[in-house]
Amino acid sequence: MSVDLNLLKVFISVASQGSFARAGLQLAMPTSNVSRCIKQLEAQLNCRLIERTTRRMRLTEQGEILLKHSQNLYAELDDVLSEISHRETLTGTLRLTIPSEAGSLLLAEIIAEFALRHPQLTIHCDTQLMPLDVIDDGIDLLFTFHRGELKNSSYHSRVIKRWQSVVVAAPHLIERTGRPKAITDLANMPCISSLSAISGQPWVFIDNQQHTQKVTINSQYRVNSGILAKAAALKGIGYAILAMAPCQAEIEQGLLEVIHFNESPAPIELRVIYASRRSLSPKIDAFMQHLMHSVDTMTP
């Protein structure tokens with residue numbers, strides 16, 4: 001069945017306004033044309049949509065069903081067409097999910113600046129510790145911290161920024177346990193690991209040939225926060241992999257020591273993940289361009 005969507009727009013206006021005359025004013029067309037459009041739509045659908053008398057009008061049962069199911073669909077279609085034809089004006093809703101602690105610190109100013117540049121775009125930004133499913137949860141862009149390769153190849157992802165990482169420990173812990181000489185030694189030493197973020201265990205290292213090496217470590221202290229991990233490392237609770245920049249001062253003061261191996265800890269990466277079917281959306285493209293232009297402002 002072929003239905004003229006322009007006629008459907010007229011029907012929605014008449015049904016919403018409760019009057020052919022008011023619909024004509026809303027659509028900037030004569031009342032006679034409004035009436036003609038409704039008759040054409042009824043002919044195409046082969047059913048009566050509106051009962052009309054000289055005093056009032058009301059929707060038939062078929063008209064009620066059509067209004068209920070077409071109002072939102074037409075509004076969504078209108079948004080899509082507007083987004084395609086007016087790419088310089090972003091509309092609709094951009095849904096973001098970012099890591100709750102460090103993600104907020106890194107991205108707060110960037111997201112706020114983007115909102116100022118696109119006042120007609122609605123932005124929903126949720127903070128979550130664990131990544132969600134970008135398809136099932138209706139998320140446009142999901143930011144996550146990660147080491148190594150992503151497991152799910154059905155997603156598109158892009159590295160936004162990398163930070164060099166180091167294995168560190170308090171001097172008194174090294175004295176107690178002995179300095180580990182190989183990454184495999186870490187399996188028998190107390191370590192501070194992530195509870196669920198960054199995929200938890202194992203630890204990921206990169207060798208001289210850029211191959212990934214994984215070590216399952218012994219961790220009785222597991223946290224989902226770089227701040228908590230650094231505080232625990234300073235107390236001597238365990239060895240930790242931390243981004244170099246946030247603990248540089250403690251290293252220079254001798255409060256933490258860097259443990260060197262033949263392999264290097266995989267850098268911590270801020271990645272943005274999105275479903276392939278949404279990769280060409282103008283609002284996503286615009287935000288990604290804004291993000292990459294702002295990446296140098298990110299400090300851990």
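Higher on the page you've got the structure.
Here is a short report on the structure shown in this document.

Thresholds applied
Residues numbered from 1 in each chain as written. Predicted model: local features only at pLDDT ≥ 70, side-chain atom pairs only at ≥ 80, totals over all residues. Heavy atoms only, no water. Helix = DSSP H or I, 4+ residues; strand = E, 2+ residues; numbered from the N terminus. Buried < 20%, exposed > 50% of the residue type's maximum accessible area, 1.4 Å probe, protein only. Contact = heavy atoms within 4.5 Å. Core = buried A, V, L, I, M, F, W, Y, C linked by side-chain atoms within 4.5 Å. Pairing = 2+ DSSP bridges. Axes fitted to C-alpha atoms, helices over the stretch in contact; angles between N-to-C directions. Parallel < 35°, antiparallel > 145°, perpendicular 65-115°, else oblique. Left-handed = near helix turned anticlockwise from the far one by under 90°. Nonpolar A, V, L, I, M, F, W, Y, C, P; charged D, E, K, R; others polar. Lys, Arg positive; Asp, Glu negative; His and termini not counted. Salt bridge = Lys/Arg side-chain N within 4 Å of Asp/Glu carboxyl O. Arc of directions from axis to C-beta. Polar contact = N/O pair within 3.5 Å; in protein donor to acceptor, adjacent residues only side chain to side chain.

1. With respect to the overall build of the protein chain
Across its full length, the protein chain carries nine helices and 15 strands. Looking at the 300 residues of the protein chain, the share that counts as buried comes to 42%. Long-range pairs, those at least 24 residues apart, make up 74% of the contacts in the protein chain with a sequence separation of at least 6.

2. As for the nonpolar core
Within soluble globular proteins, side chains that are nonpolar generally end up buried alongside one another. In this structure, Leu-107, Leu-141, Phe-143, Ile-160, Phe-287 and Leu-291 are the most contacted members of the largest nonpolar core, which totals 25 residues. Of all the elements in the fold, those that place two or more residues in this core are β3 (93-99), α5 (102-117), β5 (141-146), β6 (155-163), β15 (268-275) and α9 (282-294). In terms of residue count, α5 provides more of this core than any other element does, five residues in total. With 18 residues, the next largest nonpolar core counts Phe-20, Ala-23, Cys-37 and Leu-59 among its residues.

3. Thoughts on the sheet that holds strand β7 (residues 165-169)
Taken in spatial order, the five strands make up an open sheet running β11-β8-β12-β7-β13, and their pairing is mixed. Every other strand in the sheet has two partners, leaving β11 (218-223) and β13 (257-259) as the edge strands with one partner each. Pairs of neighbouring strands in the sheet enclose a mean axial angle of 45°, with direction left out of account. Both β7 and strand β12 (residues 239-243) contribute to a ladder of four bridges, which runs antiparallel. Of the residues in β12, the one forming a bridge with Val-167 is Ile-241.

4. Thoughts on the packing of α5 against α9
Where α5 meets α9, the closest approach of the two axes is 10 Å, and the angle between their N-to-C directions is 130°. Taken as axis vectors, α5 and α9 run oblique relative to one another. Here α5 and α9 pass one another in a crossing that is right-handed. Here Leu-107, Ile-110, Ile-111, Glu-113, Phe-114 and Arg-117 of α5 come into contact with α9, specifically with Lys-283, Ala-286, Phe-287, His-290, Leu-291 and Ser-294. For the contact of α5 with α9, the class distribution of residues is seven nonpolar, two polar and three charged.

5. What about the side chain of Glu-263?
Locating Glu-263 in the fold gives a position in the loop between β13 and β14 (264-265). Within the buried set, Glu-263 has no salt-bridge partner at all; the shortest N-O distance to an opposite charge, 14 Å, is to Lys-181. Each residue touching Glu-263, except ones within four places of it in the same chain, is listed here: Ile-183, Phe-205, Ile-206, Asp-207 and Gln-213.

6. Observations regarding the sheet that holds strand β10 (residues 212-215)
Note: strands within a sheet are paired through backbone hydrogen bonds, in either parallel or antiparallel orientation. Read from one edge of the open sheet, three strands run β10-β9-β14, paired in antiparallel fashion. Of all strands in the sheet, those bounded by a partner on one side alone are β10 and β14.

7. A word on the pattern of salt bridges
Scanning the entire structure with this criterion turns up seven salt bridges. Residue Arg-52 pairs with Glu-42 through a salt bridge whose shortest N-O separation is 3.6 Å. A residue pair is termed long-range when its members are at least 10 positions apart, and Arg-52 in strand β1 (residues 50-52) and Glu-42 in helix α3 (residues 31-45) qualify at 10 residues. Residue Glu-42 is classed as buried on the basis of its relative accessible area of 9%. Between Glu-257 and Arg-179 there is a salt bridge; the shortest N-O distance is 2.6 Å.

8. Quick notes on helix α2 (residues 20-27)
When we look at burial in α2, the residues that qualify are Phe-20, Ala-23 and Gly-24. Seen end-on, α2 carries its buried residues on one side only, within an arc spanning 105°. One side-chain oxygen at the N-terminal end of α2 lies 3.2 Å from the backbone nitrogen of Ala-21; it belongs to Ser-19. Within two residues after α2, Ala-28 carries a phi angle of roughly 60°, on the positive side.

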